[in-house]
Structures are given as C-alpha cells and as structure tokens.
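Understanding the architecture of this molecule
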Amino acid sequence: MCLGVPGKVIDVYNDVLGIAMGKVSFSGIVKEVCLAYTPEAETGQYVVVHAGFAISVVDEQEAMEVFKMLEQMDELAELDIPQPE
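Owing to the predicted nature of the structure, the values given are computational and were not obtained by experimental measurement.

**Re the overall build of the chain**
- When its secondary structure is counted, the chain shows one helix and five strands.
- Shown N-terminal to C-terminal, the secondary structure of the chain runs as helices and strands in the order β-β-β-β-β-α.
- Classification of the 85 residues of the chain by burial places 32% in the buried group.
- Relative to all contacts within the chain whose residues are 6 or more apart in sequence, the contacts with residues 24 or more apart total 37%.

Below you can see the structure in the form of structure tokens.
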C-alpha cells in the first residue's frame, strides 16, 4: 500500500536547479521533500508527502488525525530510513 504521510514544513528553499524544496518534520524525523507540486506551502504549514513529494497542504488538525491513524496501523517504519546529508 502507498501512503501519504503528513509532516510539518520547517524550511523552504530552492535547490541548485531552482526547484522548490523543503525540510519536513515527521514527529522529529526530518526529511528533504520536493515542494514543486505544492508551491503555496510555507514554513509552519503541514503537507502530505508521498515518495518524497509534497502532494497537498493540510491543516494541523487533519495532519495530526492522519498521523495518529498511521501510527496505530504501524505504517510509519519507512520514516526511519536514513537520509543523505
């Protein structure tokens, strides 16, 4: 099953090619995420991330509800995969 996981945007920037990127926190685990599909995403907002791409902006309440459901389903193991620095 493919899941979109909500996370909080903690930094927004453009990479060397000018592509919108961000650092997104998933309950303390920070990943680099492409924001090209959600150019409206700002620091402090929540996005749903699938396969390294933010696919939508959601409010905090919805993000917390989804995150709790994913924890209950034990579907968050992929967040523990180390990321390149």
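**Looking at the environment of K31**
- Structurally, the position occupied by K31 is in strand β3 (residues 29-34).
- With 22 residues separating them in the primary sequence, K31 and V9 have C-alpha atoms 9.8 Å apart.

**Quick notes on the nonpolar core**
- The biggest cluster of nonpolar side chains holds 13 residues, and the ones touching the most others in it are V5, V24, F26, V33, V47, V49 and A54.
- Contributing elements (two or more residues each) for this core: β1 (5-14), β2 (20-26), β4 (46-50) and α1 (60-72).
- Excluding residues that lie within four positions of it along the chain, V49 makes contacts with L3, G4, V5, F26, V33 and A54.

Analysis parameters
- Residues numbered from 1 in each chain as written.
- Predicted model: local features only at pLDDT ≥ 70, side-chain atom pairs only at ≥ 80, totals over all residues.
- Heavy atoms only, no water.
- Helix = DSSP H or I, 4+ residues; strand = E, 2+ residues; numbered from the N terminus.
- Buried < 20%, exposed > 50% of the residue type's maximum accessible area, 1.4 Å probe, protein only.
- Contact = heavy atoms within 4.5 Å.
- Core = buried A, V, L, I, M, F, W, Y, C linked by side-chain atoms within 4.5 Å.

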